[in-house]
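Structure at a glance
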Amino acid sequence: LSSYFFSEPTNEVWKNIMGIQLDWNKDIYQILASFTKFDQDRFFTSPNTTETNRLDEPVNFVALAVNIDSESWFLLTEYNNYDSKVFKTANWLASVGARINIFTPFLSISEFKEDQIGTNTFEEHSTISVGLRYDFHPQAAFKVQLDDIKDEGTLALEGDAQALTFGVDLVF
């Protein structure tokens, strides 16, 4: 994966990891918050690298989720923020669905933004997803999902895309 985002293989080490997580639940409600702090080393392994190795770079990661999950419907939300000297990243997701007998149709929207500090380079994309879950067995479900992805960043990634995925979830 590092060769996809960088021009060469990359090694990354997280050290001095410290964090805290808080989780509150009451009936159908949940709030989850976490903070993690660590030092990051990133090494580029090619002798002809054009990238700069980074050592002991401090990173802060914050996450928040607020969820409601009743027997007949659910609302799931999530926000994440990754902050370092080199780039800042924020993303969020919201998903809502309704349980109708053995079927669960759902709709999700999400957004991802990353700014590289000191450059005009950024990645930004948003996704709208619609899907259907079919619980064909008490411990198995078939899922189909259509994603519409809009790429608005300056990084030379893949651009806009649509994806149709199928899957089977199993519970052991």
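Residues numbered from 1 in each chain as written. Predicted model: local features only at pLDDT ≥ 70, side-chain atom pairs only at ≥ 80, totals over all residues. Heavy atoms only, no water.

Points about the layout of surface pockets
- Of the pockets and cavities examined, the second largest pocket occupies roughly 230 Å³.
- Every element with two or more residues in the lining of the second largest pocket is listed here: strand 4 (73–83), strand 6 (103–116) and strand 8 (140–151).
- By residue class, the composition of the lining of the second largest pocket is three nonpolar, four polar and four charged. (1 Å grid on protein atoms, 1.4 Å probe; cavity = no way out; pocket = protein on both sides within 12 Å on 5 of 7 lines; lining within 4 Å. Points joined across faces, edges and corners; volume = space filled by probe spheres on them. Helix = DSSP H or I, 4+ residues; strand = E, 2+ residues; numbered from the N terminus. Nonpolar A, V, L, I, M, F, W, Y, C, P; charged D, E, K, R; others polar.)

Considering the packing of aromatic side chains
- This model, assessed by the stated rule, comprises six aromatic pairs.
- With a centroid separation of 4.1 Å and an interplanar angle of 20°, the aromatic rings of Trp14 and Phe38 are classed as stacked. On the criterion of sequence distance, the pair formed by Trp14 in strand 1 (residues 10–26) and Phe38 in strand 2 (residues 29–44) is long-range, its members being 24 residues apart.
- Centroid distance Phe38 to Tyr82: 6.3 Å. Interplanar angle 55°. Geometry classified as tilted. Placement of the pair is Phe38 in strand 2 and Tyr82 in strand 4, with a sequence separation of 44 residues. (Phe/Tyr/Trp six-rings, centres within 6.5 Å; stacked < 30°, edge-to-face > 60°.)

Notes on the pattern of salt bridges
- Taken as a whole and assessed by the stated rule, the structure comprises 10 salt bridges.
- The salt bridge partner of Asp83 is Lys88, with a shortest N-O separation of 2.4 Å.
- Asp83 sits in the partly exposed class, given a relative accessible area of 27%.
- Overlapping salt bridges bring together Arg133, Asp135, Lys143 and Asp169 as one network. (Salt bridge = Lys/Arg side-chain N within 4 Å of Asp/Glu carboxyl O. Buried < 20%, exposed > 50% of the residue type's maximum accessible area, 1.4 Å probe, protein only.)

Let's talk about the sheet that holds strand 7 (residues 122–137)
- Taken in spatial order, the nine strands make up an open sheet running 1-2-3-4-5-6-7-8-9, and their pairing is antiparallel. Looking at the sheet topology across the chains shown, the edges are occupied by strand 1 and strand 9 (161–170). Averaged over all pairs of adjacent strands, the angle between strand axes in this sheet comes to 15°, irrespective of strand direction.
- Pairing geometry for strand 4 and strand 5 (residues 87–98), over 11 bridges, is antiparallel. Counted as the bridge partner of Thr77 is Ala94 from strand 5. (Pairing = 2+ DSSP bridges. Axes fitted to C-alpha atoms, helices over the stretch in contact; angles between N-to-C directions.)

Details of the environment of Ala140
- Inspection of the secondary structure assignment puts Ala140 in strand 8.
- Classification of Ala140 as buried rests on a relative accessible area of 10%.
- Apart from the residues within four sequence positions on either side, Ala140 is in contact with Tyr134, Asp135, Asp169 and Leu170. (Contact = heavy atoms within 4.5 Å.)

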